[in-house]
Amino acid sequence: AFGRLSGVRLGAWLAVLAWLAVLAVVRADAPWPREVVAVVPPPTAAAAAGGPLATLQITPESFVEGDSNTYAVFNGTATRAYDPMKPSAMVHSRTEVVAFLMQVTSGANLVHGPVTVSSSDPTACTASIDGPAIKQRAIKHIARQMFVKTDCIATKETWVTITTRIEILVDRVHTPISFGFKKKCAGDAVVPGFEITLGAIADSDSGRGSTAHIVHNGETTSAYTPDDPSARITYDTADVHTYVAMANASSIPSHKFEAPVAESSASFVRVIMSGPAARGGEATAKPQLLVFKFDCSGSGTAKVTITLPLSDRAAGIKFSFLKECKAGEIPGFDVTLSSYEPGVRASYAVKNGEATSAYHAPKGAELPLAVTREAQSKTSFYLQMSTFNSLEFEPPIVRSSDAFCLVTSAGDAASGGWVDDISSQLIVNFNCVNSGTALITVVVPLQVQDRVINASFAFRKECRWTSTPGFDVTLGAWIKSEGGTYAVRNGAASRDFTLWDAKAVVRARQYSSMFYLQMSTSAEQLFEWPTAESSDSVVKVTLGGPAAKGGTAKPASEKPIALVVNYECMKTGTAVITVTIPLGPWNEAAFSFQKECQVGEIPGFDVTLGAWVPGDYHSYAVKNGAPTDAYDAALHVAIIRAGTPSYTFYLMNSGESSFALDRPSIEVSNPAVTVNVSGDALTPGPLGQQAKSLVLDFNCAMRAKTDVIVYLRVSSGTVAFGFRKDCKPLTIHNQEADTPHEVLRQAERITSRDGASGRFSSVVLGILIGIFLSALYNKFSSSPTAKGYQRAKIND
């Protein structure tokens, strides 16, 4: 019986155990609730002890808070999915960047040390890491991003393990934390490992992306697609450096390519390629330079397409980008150096009518960077058009900021002419009479459509002067060690400047001469006030400059002192000018020269511009009854711009004779332009030293050019001077004036053309406006609510 009972009990227990086994199998197949099946990995020693690593968490960008299965590192330990040895987390083949967030959940901040990332098979896939969490060593409560960037270069489908290792500083000891994931490489790259990268790269989206690649694994990146590129080269970028190479760890060590071909969608952009890769070759692990240089001759944006033929692909590799171009007022007009490279702005003084950065005009204390060395007595520039257009230009104007550096121009461009795609040479000669650095400015007036536009550039000229012993007086145009350039040598007049037989001649068109006083030894020499005398009344002579009031001639190591001799020709003829410089109480240095004068038929009768410098012929329209070169009545060299609606000349008597002024008259060659004359010069009467104004107001019926001749009748005869007027209709809506004063003059002239009739019209208009405003006030002055209106709500 006991045996039978024990057997029943044993069978019952076996039945229960079998049922539990079946139930366990069924429950194992059923999904477990998330809160039950969460697998928390065994903590590290620091985490188990509640150390600082227990607060460290690293998660993908998408995770479930509290669910450790969605974490890469949870409480300082890698989760099972991101186990660095056998990870189950996988990244698709088309995903190149994997983002993670790193933070501490509580307690004090942590600090990390070196962060590294490695690949189980570098020949199939390489990896790098970047982002704010890497650049900032402190690990804070605010999560920071880090980006693991993968680069598949495998030639067949491959799985690799990417492992990230972070050193965490705990109690002054680096404790490593590692996690990993699997990366699939499809092996379908066009040309595995073949890359074209930029020389200057920039991260985007805090490091998630990079602008480094133009072509990656033989495939054009999205920003450089040939059909619709988004990559853009700004207008101020003249060249772009790129590099052709194979990935360092690529299983394919090299790949041949042919010379690239560049195409532009617009004619105003020319692309020049240079560098070793421009001739074709073989891409290897060592990058080969490929430079794109842009020569813009107009404004706008063009698409540039580059085709790189490959030896095993007929279509090759194509990529495109957009190139912005900005041209000045004279597109295509360039001034280059003797040796220049198209598109390289460093070899240009002017590009598209604008000075390049090295040759810019002075901006306050900022001087141009370009320098001509002291040993160089001249330099050459070349004027040309980079387009098929041609422009007419006037003789260039070359100026020096300092009198110690005298400049002249030569070459076929010095006299003006036409500029086209065949260059014209402009030579700038330097005559240094002292040590120092002078600012040289070159202005090229160009005829662009109906106006003259100046293209200017500037550079610095270094000068150094060394002379022989003694008290010397040198000329303004002085050549070192040549006797003919000295007026006084060692205190005595040179052979061309002797008192008894002066051979040196100052021409009629020269209105002043500059001499320099200096010692060629280490001593100093005191001198008293110099004097200047004329042998004939044909010319009046005055002295100016620092030396005119006496002083000290300094040694050659210091700056010389200048003496300026000014001439005021009263009639035609030649006189001998003698300059005497007292040296100390007993000695003197004297020299003589001839001065030619060519005076008009009415000595003393002058017509000056508004900005007037006495004796400077550039500020005269008429001098001594004869028109100056710029205002010759037949040549019409002077131009009054289209934006100038009115111009004022001043008539005066600078001589000793007296004469009366009659009413002037105007002759205009183009009937589309009329000239109204006003000013006190219209009143006949005597003309004295007090200037009388002659105001010319220009009325333009259409865009036009006209030659204007002004006839001035005085008791001694008639004088005519002329100029050219560029004209376009001026209205309040389309006027183009140079200054606010000119805009105001235009508005006044337009609104009050007819004097009294204009004022009467203004009065009538004012009365009509007053009646209209009174009617409006009577209509709307009553309360709106009395007429059935209600105030609208603010929302309405």
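It should be emphasised that the depicted structure is a prediction, and the values quoted were computed from it without experimental measurement.

What counts and what doesn't
- Residues numbered from 1 in each chain as written.
- Predicted model: local features only at pLDDT ≥ 70, side-chain atom pairs only at ≥ 80, totals over all residues.
- Heavy atoms only, no water.
- Core = buried A, V, L, I, M, F, W, Y, C linked by side-chain atoms within 4.5 Å.
- Buried < 20%, exposed > 50% of the residue type's maximum accessible area, 1.4 Å probe, protein only.
- Helix = DSSP H or I, 4+ residues; strand = E, 2+ residues; numbered from the N terminus.
- Contact = heavy atoms within 4.5 Å.
- Pairing = 2+ DSSP bridges.
- Salt bridge = Lys/Arg side-chain N within 4 Å of Asp/Glu carboxyl O.
- Phe/Tyr/Trp six-rings, centres within 6.5 Å; stacked < 30°, edge-to-face > 60°.
- Lys NZ or Arg CZ within 6 Å of the ring centre and 35° of its normal.

K.L.:
Just checking my understanding: could you explain the nonpolar core for this structure?
P.N.:
One broad trend across soluble globular proteins is that nonpolar side chains are buried collectively. Ile58, Phe100, Met146, Ile168, Phe179 and Phe181 are the most contacted members of the largest nonpolar core, which totals 35 residues. Only strand S1 (56-60), strand S5 (97-104), strand S6 (110-119), strand S7 (125-130), strand S9 (144-152), strand S10 (158-170) and strand S11 (173-185) provide two or more residues apiece to this core. Tallying contributions element by element places S10 first for this core, with 5 residues. Among all residues touching Phe179, those that are not within four sequence positions of it are Ile58, Ala72, Val73, Ala78, Tyr82, Pro84, Phe100, Met146, Ile162, Thr163, Thr164 and Ile166.

K.L.:
For this particular structure, what's the right way to read the sheet that holds strand S52 (residues 626-627)?
P.N.:
Backbone hydrogen bonds are what pair the strands of a sheet, in a parallel or an antiparallel way. Here 6 strands make up an open sheet; going across it, the order is S52-S51-S50-S54-S59-S57 and the pairing antiparallel. Looking at which strands have only one partner, the edges of the open sheet turn out to be S52 and strand S57 (673-678). Of the strand pairs in this sheet, S57 and strand S59 (residues 692-700) are connected by 6 bridges, and their pairing is antiparallel. By the bridge assignment, Asn676 is partnered in S59 with Asp697.

K.L.:
Would you mind going over the pattern of salt bridges with me for this structure?
P.N.:
Going through the model one piece at a time under the given rule, you end up with 14 salt bridges. A salt bridge links Lys351 to Asp295; the shortest N-O distance between them is 2.1 Å. Of this pair, Lys351 sits in strand S27 (residues 348-351) while Asp295 is found in strand S23 (residues 288-296), placing the two residues 56 residues apart along the sequence. For Lys351, a relative accessible area of 5% corresponds to the buried category. With a relative accessible area of 5%, Asp295 lands in the buried category. Its salt-bridge partner being Lys623, residue Asp606 comes within 3.3 Å of it at the nearest N-O pair. Separated by 17 residues along the polypeptide, Asp606 in strand S50 (residues 605-608) and Lys623 in strand S51 (residues 620-623) bring together distant segments of the chain. Taking the relative accessible area as the measure of exposure, Asp606 reaches 1% and is therefore buried.

K.L.:
How do you make sense of unusual backbone geometry when you look at a structure like this?
P.N.:
Peptide bonds are mostly trans, and most non-glycine residues show a negative phi. Phi is positive for Asn352, close to 55°, though the residue is something other than glycine. Tracing the backbone through its elements, the reader meets Asn352 in the loop between S27 and strand S28 (354-355). Phi at His636 takes a positive value of approximately 55°, unusual for a residue other than glycine. With respect to the helices, strands and loops of the structure, His636 is situated in the loop between S52 and strand S53 (639-640).

K.L.:
I'm lost on the packing of aromatic side chains in this one. Help?
P.N.:
When we look at a pair of aromatic rings, we describe it by the centre distance and by the angle of the planes. If you walk through the whole model with that rule in mind, you get 26 aromatic pairs. Centre to centre, the rings of Phe100 and Phe181 are 6.2 Å apart; their planes meet at 35°, and the pair counts as tilted. Of this pair, Phe100 sits in strand S5 while Phe181 sits in strand S11, and the two are 81 residues apart along the sequence. Note on Phe100: relative accessible area 1%, which makes it buried. Given the relative accessible area of 1%, Phe181 is considered buried. Pairing Phe430 with Phe459 gives two aromatic rings, centres 6.2 Å apart and planes at 80°, and the pair type is edge-to-face. Here the residue Phe430 occupies a position in strand S35 (residues 424-432), and Phe459 occupies one in strand S37 (residues 451-463), the gap between them amounting to 29 residues. Neither residue differs from the other here; Phe430 and Phe459 are each classed as buried. Directly above the ring of Phe430 sits Lys461, whose terminal nitrogen or CZ lies 5.2 Å from the centroid.

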